[in-house]
Amino acid sequence: MTLDVDTPPPTTRVRRFSPAERWVHRTTAALMGVCVLTAACLYVPQLAELVGRRALVVTVHEWAGLALPVPALAGLASRAFRADLGRLNRFGPHDRLWLRAALRRDKRPASRPAGKFNAGQKIYAAWIAGATLVMLGTGLIMWFTHLTPLLWRTSATFVHDWLALTIGIVLAGHIGMALGDPEARRGLRTGTVSRTWARREHPLWRP
């Protein structure tokens, strides 16, 4: 019996995200971070006093909010990004099983079947996308005050402020979960994850 030296060893890492997808995530995260930080400086009195220059903070907040959808729109040029959008938009029977296990706090991998994205990630992606569009629309109404009646502006301000608080809480949870999963963060940083992690966390995914 002879050893075939030409046979490559089995890889221990698999490709999860393309460079375009990582760029979209990083740029969106940076813009969202600017929006959240500037919003905090506008609404928290202690931060407002510390930072000052309210007019500049408002301008940065407005332009960061306008730019927020741009990375995702640019990402549509990537086939990998479009394919993952399709995966995020599809729910299957295994996603319902994953949600039931999550509600029961059953953390066994066997009870949480998932494809490339689990049900929690799909719900988060849909919610944050919808919330971003609502924030953009209400922000434009607040910005161009001469185009809408007073009732619209008042309602837009109410929705914008409370939705901003909700987004801040949800983002904190999202970041907290990411901090608890180093391999998932490595996948977004380098584009690859370990095959062991992929089989454990996303058993239905076939890279």
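Here, every reference points to the structure presented above.
A brief look at the structure comes next. (Residues numbered from 1 in each chain as written. Predicted model: local features only at pLDDT ≥ 70, side-chain atom pairs only at ≥ 80, totals over all residues. Heavy atoms only, no water.)

1. Some thoughts on the layout of surface pockets
To keep it simple, the criterion reads: A 1.4 Å probe that fits but cannot get out identifies a cavity on a 1 Å grid over protein atoms alone, an open set with protein on both sides within 12 Å along at least five of seven lines counts as a pocket, and a residue lines either if it has an atom within 4 Å of a point. Grid points are joined across faces, edges and corners, and a volume is the space filled by probe spheres set on the points. Working definition: helices are DSSP H or I runs of at least four residues, strands are E runs of at least two. Numbering for both runs from the N terminus. Amino acids outside the nonpolar list (Ala, Val, Leu, Ile, Met, Phe, Trp, Tyr, Cys, Pro) and the charged list (Asp, Glu, Lys, Arg) are all regarded as polar, and Gly is one of them.
Reported here for the second largest pocket is a volume of approximately 750 Å³. Around the second largest pocket, the lining comprises 28 residues; the ones closest to its centre are Ala39, Tyr43, His61, Met135 and His160. Secondary-structure elements contributing two or more residues to the lining of the second largest pocket are helix 1 (19-43), helix 3 (54-67), helix 7 (119-143) and helix 8 (150-179). A breakdown of the residues in the lining of the second largest pocket according to their chemical character gives 19 nonpolar, 6 polar and 3 charged.

2. Here we look at a nonpolar patch on the surface
For the record, the criterion: A patch is a set of surface residues, each over 30% in relative accessible area and not in a salt bridge, joined within 9 Å for like charges and within 5 Å for the nonpolar side chains Val, Leu, Ile, Met, Phe, Trp and Tyr. Per-residue and other accessible areas follow the Shrake-Rupley method at a 1.4 Å probe size, with only the shown protein chains counted as cover for residues. Salt bridge, as used here: a side-chain nitrogen of Lys or Arg that lies within 4 Å of a carboxyl oxygen of Asp or Glu.
Among the surface-exposed residues, Val134, Phe158, Val159, Trp162, Leu165 and Ile169 lie close enough to one another that they form a single nonpolar patch of about 610 Å² accessible area. Among the elements that line the nonpolar patch, the one with the most residues is helix 8, at 5 residues. Summarising the element assignment, Leu165 is placed in helix 8.

3. Concerning the environment of Val134
Keep this limit in mind: Relative accessibility under 20% of the residue-type maximum defines a buried residue, over 50% an exposed one, and the middle range a partly exposed one, all with a 1.4 Å probe and only protein chains included. Residue contacts follow a heavy-atom distance rule, with two residues in contact if any of their heavy atoms lie within 4.5 Å.
With respect to the helices and strands, Val134 occurs in helix 7. For Val134, a relative accessible area of 37% gives the class partly exposed. For the pair formed by Val134 and Val159, sequence separation is 25 residues and the distance between their alpha carbons is 8.5 Å. When residues no more than four places from it in sequence are discounted, the contact partners of Val134 are Val159 and Leu163.

4. Some words on the pattern of salt bridges
Across all of its chains, the model carries 7 salt bridges by this definition. Here Glu183 and Arg13 are joined by a salt bridge, their closest N and O atoms 3.0 Å apart. On the criterion of sequence distance, the pair formed by Glu183 in helix 9 (residues 182-190) and Arg13 in strand 1 (residues 13-15) is long-range, its members being 170 residues apart. Note on Glu183: relative accessible area 12%, which makes it buried. Accessibility expressed as a relative area gives 30% for Arg13, which makes it partly exposed. The partner of Arg186 in a salt bridge is Glu183, with the nearest N and O atoms 2.3 Å apart. Taken together, the residues Arg186 and Glu183, both in helix 9 and 3 residues apart, mark about one turn of the helix.

5. Describing the packing of aromatic side chains
We count it as follows: Put simply, two rings from Phe, Tyr or Trp (the six-membered ring, in Trp's case) pair if the centres are within 6.5 Å, and we call them stacked under 30 degrees between planes, edge-to-face over 60, tilted for the rest.
Tallying each qualifying case throughout the model produces 4 aromatic pairs. Taken together, a centroid distance of 6.3 Å and an interplanar angle of 35° make the contact between Phe17 and Phe117 tilted. A residue pair is termed long-range when its members are at least 10 positions apart, and Phe17 in the loop between strand 1 and helix 1 and Phe117 in the loop between helix 6 (93-103) and helix 7 qualify at 100 residues. Since its relative accessible area comes to 10%, Phe17 is described here as buried.

6. Digging into the packing of helix 7 against helix 8
Heads up, the rule is: Lines fitted to C-alpha atoms define the axes here, with helix axes fitted over just the stretch in contact, and angles between the N-to-C directions of these axes take values from 0 to 180 degrees. Crossings are classed by handedness, with left-handed meaning an anticlockwise turn of the near helix from the far one by less than a right angle and right-handed meaning a clockwise turn.
Where helix 7 contacts helix 8, the axes come no closer than 9 Å and their chain directions differ by 150°. The interaxial crossing formed by helix 7 with helix 8 has left-handed handedness. Here the residues of the contact of helix 7 with helix 8 are counted per class, giving 16 nonpolar, 6 polar and 1 charged.

7. Re the nonpolar core
Note on soluble globular proteins: their nonpolar side chains tend to be buried together. Stated formally: Residues grouped as a nonpolar core are buried Ala, Val, Leu, Ile, Met, Phe, Trp, Tyr and Cys residues, joined through side-chain atoms within 4.5 Å.
Judged by nonpolar contacts, Leu31, Met32, Leu68, Ile128, Ala131, Met135, Leu163, Ile167 and Leu171 together constitute the single largest core of 9 residues. Residue assignment for this core shows that the elements contributing at least two residues are helix 1, helix 7 and helix 8. Those residues in contact with Met135 that sit more than four places away from it in its chain are His160, Leu163, Ala164 and Ile167. Grouped together as the second largest cluster of nonpolar side chains are 5 residues, Val14, Val193, Ala198 and Trp205 included.

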